[in-house]
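Now for the letters of each chain:
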Amino acid sequence: MSQALGTVARLAREVEAGLPLGPGLVTVLDTGEVEVRREPVASRHHFFLDGLLFRVSLTPQEGPSTLFQIWAEVGYLPYSIESPEKRQKLMTILRATMWLKFARFVVDDAQKIMVLGQRQVPGPLTLNDVMYETVQFVQEVRPYLRVFGRYL
């Protein structure tokens, strides 16, 4: 009886850590102990800079590492029929960004220009690590964003 009460108490402590407990995450071991596995969840953050909304995602990975991702929607690439001069200048700027170290500018099927960055960082990220990665990304893309702003 005391083992059953201990099991219920342990489950109550797990619930205090946060819900929901998904299917398959609670198992009873051969020893009678209850094990609760929690999948690491990504933390999501955002900030505005120069009128753009930047999104940041920190996702714990297998082993001691974290996936740092950052992205923003820059604007839409005009179609050739709408503004051929603007489109040509924006395409020239996009080609110039191919050599960036931390960021990639991409154009999706809807002609939306996005800037993306991703890095696998060893260990869990501290606030200083997040700020360092964010500042590196922003320092690299900000001059290009200002040039894009002239033509969008």
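Above this text sits the structure in question.
Just so we're clear, the structure is a prediction, and the values are computed from it rather than from any experiment.

Asker: So what exactly am I meant to see when it comes to the overall build of the protein chain here?
Answerer: A tally of regular secondary structure across the protein chain gives three helices and seven strands. When the helices and strands of the protein chain are placed in sequence order, the string is α-β-β-β-β-β-α-β-β-α. Every one of the 152 residues in the protein chain was classed for burial, and the buried ones make up 32%. Considering only contacts within the protein chain whose residues lie at least 6 apart along the sequence, 50% involve residues at least 24 apart.

Asker: What should I look at first to understand unusual backbone geometry in this one?
Answerer: Backbone geometry follows two general trends: most residues other than glycine have a negative phi, and most peptide bonds adopt the trans configuration. The backbone of D50 shows a phi angle near 50°, a positive value even though the residue is not glycine. By secondary structure assignment, the location of D50 is in the loop between β3 (43-49) and β4 (52-61). Note on D50: relative accessible area 48%, which makes it partly exposed. At Q111, a position not held by glycine, the phi torsion is positive, near 65°. Relative accessible area serves as the criterion here: at 15%, Q111 is assigned to the buried category.

Asker: Honestly, the pattern of salt bridges in this entry has me stumped. Any pointers?
Answerer: Pairing is possible between side chains that carry opposite charge, provided their charged atoms lie close to one another. Here the structure, examined in full by the defined rule, presents three salt bridges. A salt bridge links E133 to R119; its shortest N-O distance comes to 2.8 Å. Taken together, the residues E133 in helix α3 (residues 127-151) and R119 in strand β7 (residues 112-122) connect sequence positions 14 residues apart. With relative accessibility at 6%, the residue E133 sits in the buried group.

Analysis parameters
Numbering of residues begins from 1 in every chain and follows the order in which that chain's sequence is written. Local features are withheld for residues below a pLDDT of 70 in this predicted model, meaning they are given only at 70 or higher, and side-chain atom pairs are given and counted only at 80 or more; totals for whole chains, interfaces and linings count all residues. The basis for every side-chain value is the complete set of heavy atoms in the structure, and neither hydrogens nor water enter the calculation. To qualify as a helix, a DSSP run of H or I must reach at least 4 residues; to qualify as a strand, a run of E must reach at least 2; elements of each kind are numbered from the N terminus. The rule is simple: take the accessible area with a 1.4 Å probe, protein chains only, and divide by the maximum for that residue type; under 20% is buried, over 50% is exposed, in between is partly exposed. Two residues qualify as a contact provided that any one of their heavy atoms is within 4.5 Å of a heavy atom in the partner residue. By definition here, a salt bridge exists when the distance from a side-chain nitrogen of Lys or Arg to a carboxyl oxygen of Asp or Glu is within 4 Å.

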